[in-house]
Amino acid sequence: MWRLWLFGKNFIKIFEAGEDNLEMELWYTEKQTPNVGLTCTVKGTLFRCKTEYQEMAVLDTFQFGRMLVLDGMVQTTIADEFIYHEMIVHVPMCTHPSPKTVVVVGGGDGGTVREICKYPSVEKVILVEIDAQVVEASRRFFPEMSCCLDDPRVEIRIADGIEYIHSLQSFCDLIIVDSTEPVGPAVGLFDTPFYQAVFRALKDDGILVAQTESPFFNADLIRSVFPRVKTVFPSTYFYLAAIPTYPSGLWSFTMGSKKYNPREPEGTFIPQDTRYYWPGIHRSSFVLPKFVQELVE
Ligand code: SAM
């Protein structure tokens, strides 16, 4: 039996001596911490390139289907993308009574835009993705996620989300930060000046939602990001979802709101074609385990 292992960025090959046939298994490992990894068997690498901003790979895995990997970190997979995209979109969208203009920072795979487009109130969605090649790869390999990128309400801007948000004033109802981990061009998306610019870019009753990593492995990040949002917005909230391919499986979202309380959502439209989100999950996602509560106190 031959085994070929692909370790995150460093594609290391380990061969095991075979008996008498050349059957081969291909494994991919994301080293989520120096001591922990997510490993799965791979049918093949469909695409791999170095973009201006990051190293990108599209893998075809047995367990999760196609998988988008940026700089050795799993961004999304066909099997569990619905959890992340439904939770980053429907919690804030159902909190606001009638969101019309929404800006997505990052999110080049299109999954977040797909969920936003379900709302009849939405007139304009602006996707600000820094890396055009992520959008192109998603159109080619992830039609399930990129399917609404050509909706007439959607405008795609290939630009740095930080600069774009700084250019706006009282413009939108909701800003969703669907970013990579805080490395490279995403570092500034987790900082106070960006949240101040988000506050200015939102209308008087606007909402910010940002993905804020794993409470288990990224406690320090949450301990610093949550207070930053709290100093800028009158109300700040923290909620969770269980996402199998993300580090530790427990994922967090931070919300800053000028007016609406997500625990008493005001939306009249509730999407029905969801697989994770429903009003019960909306309410329960704000109920935090004690160790998570301590991170945001
Ligand atoms: N769901 C994913 C997660 O939590 O891992 C995020 C997926 S989405 C592919 C993240 C995108 O953010 C990437 O395509 C990356 O290019 C984009 N991005 C990173 N920094 C950015 C910035 N400053 N402005 C706009 N897009 C950015």
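These numbers come from a predicted model, not from an experiment. (Residues numbered from 1 in each chain as written. Predicted model: local features only at pLDDT ≥ 70, side-chain atom pairs only at ≥ 80, totals over all residues. Heavy atoms only, no water.)

### So, unusual backbone geometry
So, point 1. For Ser170, which is not glycine, the phi dihedral falls at a positive 40°.
So, point 2. Note on placement: Ser170 falls in the loop between helix 5 (161–166) and strand 10 (172–178).
So, point 3. Its identity as a non-glycine residue notwithstanding, Ser248 has a phi of 75°, on the positive side.
So, point 4. Counting through the fold element by element, Ser248 comes out in the loop between strand 12 (235–242) and strand 13 (250–257).
So, point 5. A relative accessible area of 36% means that Ser248 is categorised as partly exposed. (Helix = DSSP H or I, 4+ residues; strand = E, 2+ residues; numbered from the N terminus. Buried < 20%, exposed > 50% of the residue type's maximum accessible area, 1.4 Å probe, protein only.)

### Considerations on the nonpolar core
If you look at soluble globular proteins, the nonpolar side chains tend to sit buried side by side.
So, point 1. Core analysis: the largest hydrophobic core is formed by 38 residues, its most contacted members being Met87, Met93, Val113, Ile116, Tyr239, Ile243 and Phe253.
So, point 2. Listing elements by their share of this core, those giving two or more residues are helix 1 (81–95), strand 7 (101–106), helix 2 (111–116), strand 8 (124–129), strand 10, strand 11 (202–211), strand 12 and strand 13.
So, point 3. With nine residues, helix 1 is the largest single contributor of residues to this core.
So, point 4. Those residues in contact with Ile243 that lie beyond four places of it in its chain are Asp80, Ile83, Tyr84, Gly249, Trp251 and Phe253.
So, point 5. In terms of nonpolar packing, the next biggest core, distinct from the first, is built from 27 residues, Val103, Cys172, Phe190 and Ala197 among them. (Core = buried A, V, L, I, M, F, W, Y, C linked by side-chain atoms within 4.5 Å. Contact = heavy atoms within 4.5 Å.)

### Let's talk about the sheet that holds strand 13
So, point 1. Reading across from one edge, 9-8-7-10-11-13-12 is the order of the seven strands in this open sheet, with mixed pairing throughout. Only two strands of the sheet have a single partner each, and these edge strands are strand 9 (154–158) and strand 12. When strand polarity is set aside, the average angle formed by the axes of neighbouring strands in this sheet is 15°.
So, point 2. Pairing geometry for strand 7 and strand 10, over five bridges, is parallel. When the sheet's bridge partners are listed, Gly106 is paired in strand 10 with Asp178.
So, point 3. Along the sheet, helix 3 (residues 132–141) contacts strand 8 and strand 9; its crossing angle with strand 9, the most-contacted strand, is approximately 135°. (Pairing = 2+ DSSP bridges. Axes fitted to C-alpha atoms, helices over the stretch in contact; angles between N-to-C directions.)

### Section: the packing of helix 6 (residues 192–201) against helix 7 (residues 219–232)
So, point 1. Where helix 6 contacts helix 7, the two axes come as close as 9 Å, and the packing angle between them is 35°. Note that helix 6 runs across helix 7; the crossing there is right-handed. Residues Thr192, Tyr195, Gln196 and Phe199 of helix 6 pack against Val225, Arg228, Val229 and Val232 of helix 7.
So, point 2. Taken together, the residues that form the contact of helix 6 with helix 7 break down as five nonpolar, two polar and one charged. (Left-handed = near helix turned anticlockwise from the far one by under 90°. Nonpolar A, V, L, I, M, F, W, Y, C, P; charged D, E, K, R; others polar.)

### A look at the side chain of Asp80
So, point 1. With respect to the helices, strands and loops of the structure, Asp80 is situated in the loop between strand 6 (73–77) and helix 1.
So, point 2. The buried charged residue Asp80 lacks any salt bridge, with Arg275 as its nearest oppositely charged partner at 9.2 Å.
So, point 3. Among the polar contacts made by the side chain of Asp80, one reaches the side chain of Thr77 at a distance of 2.6 Å.
So, point 4. Discounting chain neighbours no more than four positions away, the residues touching Asp80 are Ile243, Pro244 and Thr245. (Lys, Arg positive; Asp, Glu negative; His and termini not counted. Salt bridge = Lys/Arg side-chain N within 4 Å of Asp/Glu carboxyl O. Polar contact = N/O pair within 3.5 Å; in protein donor to acceptor, adjacent residues only side chain to side chain.)

### Re the pairing of strand 12
Put simply, side chains in a regular strand alternate between the two faces of the sheet.
So, point 1. By the criterion of burial, strand 12 is predominantly enclosed, with six of the eight residues buried.
So, point 2. Here strand 12 pairs with strand 13 via eight bridges, running antiparallel. Looking across to strand 13, one finds that Ser235 is bridged to Ser257.

### Details of the domain arrangement of the chain
So, point 1. Examined at the domain level, the chain breaks down into domain 1 (2–77) and domain 2 (81–296).
So, point 2. Centre-to-centre, using C-alpha coordinates, domain 1 lies 28 Å away from domain 2.
So, point 3. Opposite the 24 residues of domain 1 that make contact, domain 2 presents 23 residues.
So, point 4. Between domain 1 and domain 2, roughly 2,000 Å² of surface is buried when both sides are summed, and carbon and sulfur atoms account for 64% of that area.
So, point 5. Taken together, the connections running from domain 1 to domain 2 amount to one salt bridge.
So, point 6. The salt bridge involving Glu144 is made with Arg66; its shortest N-O contact spans 3.1 Å.
So, point 7. Linking domain 1 with domain 2 are six residue pairs in polar contact (both at pLDDT 80 or more).
So, point 8. For the side of domain 1 that touches domain 2, the secondary-structure elements that each account for two or more residues are strand 2 (24–33), strand 3 (36–50), strand 4 (55–61), strand 5 (65–70) and strand 6.
So, point 9. Here the residues of the side of domain 1 that touches domain 2 are counted per class, giving 14 nonpolar, seven polar and three charged. (Domains from an automatic or database assignment. Buried area = accessible area lost by both parts, 1.4 Å probe.)

### Things to note about a nonpolar patch on the surface
So, point 1. On the surface, a nonpolar cluster with roughly 360 Å² of combined accessible area is contributed by Val36, Phe216, Phe217 and Phe291.
So, point 2. Counting through the fold element by element, Val36 comes out in strand 3. (Patch = residues over 30% accessible without salt bridge, like charges linked within 9 Å, V, L, I, M, F, W, Y side chains within 5 Å. Areas by Shrake-Rupley, 256 points an atom, 1.4 Å probe, with all protein chains shown as cover.)

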